[in-house]
Amino acid sequence: MLDPELELSVVVPMYDEEEVLPIFFDRMRPLLDGLGIQYEVLVVDDGSRDATASMLIAAAGDWPQLRLVRLLRNSGHQAALSAGFRRARGKYLVTIDADLQDPPEVIAEMMTAVKSADVDVVYGVRSDRSSDSFGKRTTARMYYRLMSRLVGKDIPFDGGDFRLVSRRVVDAVNGLPEDGRVFRLVIPWLGFPSTEVAYVRAERAAGHTKYNLTKMFRLAFDSVTAFSAAPLRLATWLGLLGGLLSAVFVVGALAIKLAGQSVPGWTSTVLAVSVIGAIQLLCLGLLGEYVARLFQSSQKRPQFLVGYDSLEDKGHQALDEESVRS
Ligand code: UDP
Ligand code: MG
């Protein structure tokens, strides 16, 4: 839903953010008004149980650019972003957290960058993570390293979900048939030309984190399963390893028995446990291979997106979503 008048949509997912809202309004509004462009602030209320929604409705009374989209229930940060991508009308779209950890002042830099560098994505990249605990920094580093390998592209390190994208990217993301997208992976995976803007991540302005441990695990799990069937194949490898080990056990157990040193019943128990264990793992692995294939074909991702075609060279507004599906 592109509104040609609107230059920028700022998408903000919010879940129980009543404490941060007054600061959010004070900081956001002068900044966006100062950009001198037509914009909308699209807040996606992710099923908040506190006063978030009513405060937003009240604030929209004297801030006409403020728009509220409410989800029926708490669907998670990434799902809220999906809703924002679908509903946003601007030519450019920025996603930013409500808690002001990502300084909104950087939005101006992102707008300048996207216009001067002819790119479609501007990633906000944390240049300094000292505001996070050691544990969070370490797990984050592991996450980004693993994800870069799985996606097969460089995932902007410490990218988070602060970035600006053009309408072509919005349309491409909305065209993806899958559910449970992880934006920080899917957007680099699409492969649009991009640049980065570094920023210092601040402390949460008010309230406390809305990402509990379950949600963090969900994100990590979605990230892996969206790009890799490797875990399904784990059983195959374990089965092969088990097969090798059981061969050693079998020979060993028989040798001990022949030497007459075994307790009655021991040999058959060892044989049964090791051989059957290996066979079971192997079968599970085979099953995993088929499930993996089904999973990959059910994702129905387009094989490629065409960015330029000399036949239709009218700038780059027309991105054909070539969906030769596998
Ligand atoms: N959020 C959301 N739904 C959720 C959890 C979080 O929309 O189920 C929003 C939250 O309001 C915030 C953003 O996602 O705007 C990032 O969450 P948070 O700042 O709590 O995460 P952290 O920075 O601690 O990782
Ligand atoms: Mg935060």
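Residues numbered from 1 in each chain as written. Chains lettered and ligands numbered in written order. Predicted model: local features only at pLDDT ≥ 70, side-chain atom pairs only at ≥ 80, totals over all residues. Heavy atoms only, no water.

Focus: the nonpolar core
(1) Moving on: Grouped together as the largest cluster of nonpolar side chains are 36 residues, with contacts concentrated most on F85, V165, L185 and I187.
(2) Moving on: Broken down by element, the residue count for this core peaks at five residues, all from helix 7 (residues 183-190).
(3) Moving on: Once residues within four sequence positions are removed from consideration, I187 is found in contact with F85, V121, Y123, R163, V165 and V173.
(4) Moving on: L32, L56, A59 and V197 belong to the second largest nonpolar core, which has 35 residues in total. (Core = buried A, V, L, I, M, F, W, Y, C linked by side-chain atoms within 4.5 Å. Buried < 20%, exposed > 50% of the residue type's maximum accessible area, 1.4 Å probe, protein only. Helix = DSSP H or I, 4+ residues; strand = E, 2+ residues; numbered from the N terminus. Contact = heavy atoms within 4.5 Å.)

A word on the sheet that holds strand 3 (residues 66-70)
(1) Moving on: Ordered by their spatial adjacency, seven strands build an open sheet running 3-2-1-4-6-5-7, and the pairing between neighbours is mixed. Two strands in the sheet have a free side with no partner beyond their single neighbour: strand 3 and strand 7 (194-200). On average, each strand axis in the sheet is inclined to that of its neighbour by 20°, with strand direction left out of account.
(2) Moving on: Here strand 4 (residues 92-95) runs beside strand 6 (residues 163-166); their pairing, made up of four bridges, is antiparallel. The partner of Y92 across the bridge, within strand 6, is S166.
(3) Moving on: Sheet strands touched by helix 1 (residues 21-34): strand 1 (8-14), strand 2 (39-45) and strand 3. Its angle to strand 1, the strand with the most contacts, is close to 170°.
(4) Moving on: Each of strand 5 (121-128) and strand 6 touches helix 7; the most contacted strand, strand 6, lies at about 45° to it. (Pairing = 2+ DSSP bridges. Axes fitted to C-alpha atoms, helices over the stretch in contact; angles between N-to-C directions.)

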